[in-house]
Amino acid sequence: MDAQATGDPGGGQPWGPHNTVTVVDPSPVNWLSITWNTMEEANRVDHDGIGQPSLAESWRWLDGETLELKMRDAVYQDGEPFNASMFKLGFDKVQEWTNPHPPGAFLNFARDVTCEAVDDRTVRMRFPGGDSAALMKLRGMHLPSTRFWNEWGFVDPKTGSAEGHW
Amino acid sequence: MIDAPGPWGTGPFVLTEGVSLIDSRSDRVVMEPNPTYWNSARRPTVRIVYDNVIGKDEGIKSVAVGDGQVDVVFDLTPDEAKAFPASEHGKVQTKKAKAILTGVFNENRPDSPWRNPEARRALNLAIDRQFVLDEGAHGYGTVIPAFIQPGRYGADPVMKPIPHDPVAARAALDAAGLSGREIVFVASPAWKGVVDAVGACLARVGLSARFVSAKDEPPADFDVKIEWYFDWTPQYPVACVHREFFGKDATLRQGPEDPRFDALYEKLLHTAKEPQQEGVVREVERYIQDEAKALFLFSPFTLFAVSNRVDFVAYDTCMSELAETRIKG
């Protein structure tokens, strides 16, 4: 382990062994842990295994096919504000691919699902025929910044594709 | 997955160095606290360094001797946890995670005996699950009825594990033409102790067991493959776990598609309201137990080696989310 100070946490004391936790994680899904530690989604699962709001602070089914989500006031690490349009951008991006999620197609939204940013904080998703798995799927829909979409967009630089690389 | 470090997200940590992909990792991955994180209750106070060089064995030793190289090691096997020495520097930490250890019957061949639910049930009746857990996994786990732990979303409060009934097992095995057979188990070496304990149970009903490492090419005529799996979902276990074993797009299924399971899954997808949705999840649990769809074993704990200087908060999802982890004092 590098025991040397390597940075300055927001103007505080530099990083070193005294404020560093070193982890060995052999899990084959460590890549997903890195994503979930640094990016967020509409919802998450807490350490007790219970679903919780995350970038969406609340949601409700308006009818059997329409899910309305209220977005939280949050800021990206690069200073860009998060809002309903960023949620819609994330949805539009994931829908560009056939099978983007490494765990499998069960995380895909159907092709006829639509997403509308009603205002700065409100999103309405329409699921023709209904989809009780919607919130599970949203847990896998990462919501990175515009800069990430422009520079990487979950596209594997080795293949030029985001299939199986979300 | 993220192919480069950067301030890409809104999450509790900023990825400042390294990458972790499915097929490769940098020597280390560094995450620093996000000072503008919106959730003050989860705002980290420590930098995280994933050391992808030192390896699990050396990491466990480091925690035990307290040399400061490693603070937390994930995913210890039961044998590794049992062997962790008494130490003033660290300990084994357990978590009742949303995980299962179960046997998948090989139903690939049209003449497989395991296509017969009575044969599958007979093998289940032969298993003393608490014995298997205690002897094969040093007690690190909980015996559960099927795939969902009691008390979790979707658990049926009246369901019990399939009973251990060697007499009924022997009769049913005889009826299924399986008396005296050698049962071939494919499993990770981490679960060899479990297979040995299962073998001890099978010996009491006149069967024998042979362990084949999952690291090798399994023989086509293996009988049961032992699989560990986990549920990361927000209260939607059937899609993540049950579907992965039995669904038409399952990756762990070892046999033909099951239209009855698929119909139940479709029913679930179209049942959005509670409590009806949880009722369908319970229906799925009862179906897989009634049909003895798997060789049900137990829910293993996730096991960690943790330095005493760290207050480590493990997640039931088995993921290494670390926002709540702190250095003591």
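Structural data are supplied above this passage.
Counting from 1, residues in each chain are numbered in the order their sequence is written. Starting at A for chains and at 1 for ligands, labels are handed out in the order in which the entities are written. The model is predicted, so local features are restricted to residues of pLDDT at least 70 and side-chain atom pairs to those at 80 or more, both for listing and for counting; the totals for chains, interfaces and linings are taken over all residues.

A. Highlighting the interface of chain A and chain B. A pair of residues counts as a contact when their C-beta atoms, built from backbone coordinates, are within 7 Å of each other. Listed as interface residues are 60 residues of chain A and, on the opposing side, 72 residues of chain B. Going along the chain from the N terminus, every DSSP run of H or I of four or more residues is numbered as a helix, and every run of E of two or more is numbered as a strand. Of all the secondary-structure elements, those providing two or more residues to the side of chain A that touches chain B are strand S1 (20–24), helix H1 (30–38), strand S2 (43–45), strand S6 (74–75) and helix H3 (134–139) of chain A. In terms of residues, the side of chain A that touches chain B owes the most to one element, H1(A), which gives nine residues. Grouping the amino acids of the side of chain A that touches chain B by side-chain chemistry returns 31 nonpolar, 22 polar and seven charged. As paired elements, S1(A) and strand S4 (residues 72–73) of chain B share two bridges and run parallel to each other. Looking at the pairing, A:Val23 lines up with B:Val72 of S4(B). Ten residue types, Ala, Val, Leu, Ile, Met, Phe, Trp, Tyr, Cys and Pro, are classed as nonpolar, four, Asp, Glu, Lys and Arg, as charged, and the remainder, Gly among them, as polar. By definition, two strands form a pair when at least two bridges between them are found by DSSP.

B. Geometry of unusual backbone geometry. Residue and element names in this part refer to chain B. A cis amide bond, omega 5°, links glutamate 274 with the succeeding residue proline 275. With respect to the helices and strands, proline 275 occurs in the loop between helix H8 (259–269) and helix H9 (276–290). The backbone phi angle of cysteine 318 is positive, close to 75°, even though this residue is not glycine. Relative to the helices and strands, cysteine 318 resides in the loop between strand S13 (310–311) and strand S14 (326–327). Partly exposed residues are those whose C-beta has more than 12 but fewer than 20 other C-beta atoms within 10 Å; 20 or more makes a residue buried and 12 or fewer makes it exposed, with C-beta atoms placed from the backbone. Judged by C-beta crowding, with 22 C-beta atoms within 10 Å, cysteine 318 ranks as buried.

C. Main features of the sheet that holds strand S9 (residues 208–213) of chain B. Residue and element names in this part refer to chain B. Read across the open sheet, the six strands follow the order S7-S11-S6-S10-S8-S9; overall the sheet is mixed. The open sheet has two edge strands with one neighbour each: strand S7 (141–142) and S9. Strand direction decides the pairing type here: strand S8 (residues 182–187) and S9, joined by six bridges, are parallel. The residue of S9 that forms the bridge with glutamate 182 is serine 208. Sheet strands in contact with helix H4 (residues 129–137) are S7 and strand S11 (294–300), and its direction is about 55° off that of S11. Helix axes are fitted to C-alpha atoms over the stretch in contact, other axes to C-alpha atoms as well, and angles between N-to-C directions run from 0 to 180 degrees.

D. Here's a closer look at the nonpolar core. Buried Ala, Val, Leu, Ile, Met, Phe, Trp, Tyr and Cys residues whose C-beta atoms connect them within 7 Å together make up a nonpolar core. The biggest cluster of nonpolar side chains holds 141 residues, and the ones touching the most others in it are B:Val73, B:Val194, B:Val198 and B:Phe304. Sequence-distant contacts of B:Val73, that is, excluding residues within four places in its chain, are made with A:Val24, B:Lys56, B:Gly59, B:Ile60, B:Val63, B:Phe304 and B:Ala305.

E. Spotlight on the pairing of S1(A). Counting buried positions along S1(A) yields five of five residues, so the element is predominantly enclosed. Side chains A:Thr20, A:Thr22 and A:Val24 of S1(A) all project onto a buried face; the interleaved residues A:Val21 and A:Val23 project onto the opposite face, where all are buried too. As defined by bridge partners, S1(A) adjoins strand S3 (residues 47–51) of chain B across four bridges and the pair is classed as parallel. In the strand pairing of S3(B), A:Thr22 is matched with B:Val49.

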